[in-house]
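Observations on the model geometry
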Amino acid sequence: MATVLNLSSIRVSNKGGAVRLLNKSSSVFRPNSISLTRRKSIIRAAETNAKDEVKSKAPDKAPSDGGSSINQILGIKGAAQETNKLKIRVQLMKPVTWPPLIWGVVCGAAASGNFHWGVEDVAKSILCMIMSGPCLTGYTQTINDWYDRDIDAINEPYRPIPSGAISESEVITQIWVLLLGGLGIAGVLDVWAGHNFPTIFYLAVGGSLLSYIYSAPPLKLKQNGWIGNFALGASYISLPWWAGQALFGTLTPDIIVLTILYSTAGLGIAIINDFKSIEGDRAMGLQSLPVAFGVDAAKWICVGAIDITQLSVAGYLLYAGKLYYALALLGLIIPQVVFQFQYFLKDPIRYDVKYQASAQPFLVLGLLVTALATSH
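Basis of the calculations
Residues numbered from 1 in each chain as written. Predicted model: local features only at pLDDT ≥ 70, side-chain atom pairs only at ≥ 80, totals over all residues. Heavy atoms only, no water. Helix = DSSP H or I, 4+ residues; strand = E, 2+ residues; numbered from the N terminus. Buried < 20%, exposed > 50% of the residue type's maximum accessible area, 1.4 Å probe, protein only. Contact = heavy atoms within 4.5 Å. Areas by Shrake-Rupley, 256 points an atom, 1.4 Å probe, with all protein chains shown as cover. pLDDT = per-residue confidence, 0-100. Axes fitted to C-alpha atoms, helices over the stretch in contact; angles between N-to-C directions. Parallel < 35°, antiparallel > 145°, perpendicular 65-115°, else oblique. Left-handed = near helix turned anticlockwise from the far one by under 90°. Nonpolar A, V, L, I, M, F, W, Y, C, P; charged D, E, K, R; others polar. Phe/Tyr/Trp six-rings, centres within 6.5 Å; stacked < 30°, edge-to-face > 60°. Lys NZ or Arg CZ within 6 Å of the ring centre and 35° of its normal. Expected span 1.5 Å × (residues − 1). Bend = angle between axes of the 7 residues up to and from the residue. Core = buried A, V, L, I, M, F, W, Y, C linked by side-chain atoms within 4.5 Å. Patch = residues over 30% accessible without salt bridge, like charges linked within 9 Å, V, L, I, M, F, W, Y side chains within 5 Å. Salt bridge = Lys/Arg side-chain N within 4 Å of Asp/Glu carboxyl O.

**A few points about the overall build of the chain**
If you tally the helices and strands in the chain, you get 18 helices and zero strands. Going through the 376 residues of the chain one by one, you find that 46% of them count as buried. Contacts spanning at least 24 positions in sequence make up 69% of the contacts within the chain whose residues lie at least 6 apart. As displayed, the chain has an accessible area near 18800 Å², and 65% of this comes from carbon and sulfur atoms.

**Topic: the confidence of the model for the chain**
Confidence in the prediction of the chain, expressed as mean pLDDT, is 83, and 82% of residues score 70 or more. Between residues 1-61, whose pLDDT stays under 50, and residues either more than four places distant or in other chains, the model counts 34 contacts.

**Quick look at the packing of helix α5 (residues 85-93) against helix α10 (residues 168-193)**
Relative to each other, α5 and α10 sit at 60°, their axes nearing to 11 Å. If you check the angle between α5 and α10, you find them oblique. Here the hand of the crossing between α5 and α10 comes out right-handed. Between α5 and α10, the residues in contact are K85, R89, L92 and M93 and E170, V171, Q174 and L178, respectively. Here the residues of the contact of α5 with α10 are counted per class, giving four nonpolar, one polar and three charged.

**A look at the packing of aromatic side chains**
Following the criterion strictly, the structure yields 12 aromatic pairs and no others. Measuring from centroid to centroid gives 5.2 Å for F197 and Y202, while their planes differ by 15°, and the two rings are stacked. Seen in terms of ring centroids, F275 and F344 are 5.5 Å apart; in terms of plane orientation they differ by 85°. Their pairing is edge-to-face. Remark: F344 occurs in helix α17 (residues 323-344) and F275 occurs in the loop between α13 (253-274) and α14 (278-284); sequence separation between them is 69 residues. Classification of F275 as buried rests on a relative accessible area of 2%. Ring pairs connect the aromatic residues F339, Y343, Y351 and F362, which therefore count as one cluster. Sitting over the ring of W146, R149 keeps its end group 3.9 Å from the ring centre.

**A few points about helix α18 (residues 352-375)**
Helical geometry note: an α-helix holds 3.6 residues per turn, so side chains three or four residues apart project in the same direction. End to end, α18 covers 34 Å across 24 residues, agreeing with the expected 34 Å (1.5 Å per residue, within 8%). At A359, α18 shows its strongest bend, of approximately 40°, with the proline P361 following within four residues.

**A word on the environment of G181**
Relative to the assigned elements, G181 resides in helix α10. Note on G181: relative accessible area 27%, which makes it partly exposed.

**Notes on unusual backbone geometry**
With an omega dihedral of 10°, the bond running from P217 to P218 counts as a cis peptide bond. Unlike most non-glycine residues, K94 shows phi in positive territory, near 45°. Residue placement: K94 occurs in the loop between α5 and α6 (98-112). Positioned with a positive phi, K220 is a non-glycine residue whose angle comes to about 40°. Inspection of the secondary structure assignment puts K220 in the loop between α11 (199-215) and α12 (225-248).

**Some thoughts on the nonpolar core**
In this structure, M131, W241, F344 and Y355 are the most contacted members of the largest nonpolar core, which totals 72 residues. Discounting chain neighbours no more than four positions away, the residues touching F344 are I272, F275, K299, C302, V303, F339 and Y355.

**Some points on a nonpolar patch on the surface**
Taken together, the side chains of L311, L318, L323, Y324, L327 and L330 present a nonpolar region at the surface, about 610 Å² in accessible area. Within the residue set of the nonpolar patch, elements represented by two or more residues are α16 (295-319) and α17. Among the elements that line the nonpolar patch, the one with the most residues is α17, at four residues. Given a relative accessible area of 41%, L323 falls into the partly exposed group.

Structural data, given as structure tokens:
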């Protein structure tokens, strides 16, 4: 670090006229007699110039050839540069992250045992999915990008916020619209379900607060790899399940415990996303698990959390006398393990997206199997 600072100081002196200042000083004083204040001024100038040079060298385009329009609308890396504000707003909401929340609502509805394939129940479930996916997950992703803009300037400088494709006021407006929209829908669902206590509304408030403290200082849960990733896992698995079950039935303590246990698998899924941000997390002092433990250890923690959790749930189903459901869940774990060795454990940075696309469908099907088992 000291070497970089010294080199930067020399460069600033040459460009900013500080050389003349130093030369003038050296003609009157010995080198050791340069004032501490002047040294601090030169160091500050060096640090500022170094930051400016990093920003000037950061690419403002997607790293791929022109980027992908599909990646752009899904909100994943390798996205094409876009000027259409509507597409940029959707990109910030990261639609690729909505399916687990939508599926969680399906699992909760199935676990309630009271969902019926009629117009009213289907309409309720769709509205609950909109609340969980586009609104509150969109809010979560937008606010996360907002507070991650300095990290994204290092890892993905072509993303909408660090690239300047969308203004700060537009981002703040989007955050509020999505949050208030999601809370409003939650209130409507409570009225529609005839709840005396607004269960879904309070679940939405709790999830929104968790999303905020996950991304925002001073708590910024994501600074701690364990706490942050478990909070993320709970948000993606437990909360939508609870909302779906509360909409059509009653939440019970055993379901709460079971879904929190399943959130440990969500912790493993959340770790996958940390591998692409190692450089920026390290630079900003975030202790994600790949930063804290290294890539090799973190990848095993990741797959261990996913596999051990599902095996534990299969054991619980077997203990509860749900033999066929337990066997079905075991059958869905096997291909996940295969893809872990085929992709993720070989290179978690290179194959993170391919692994998730291959393995996660089996994990979410396992969630539905568990939900159906608990409804009978």
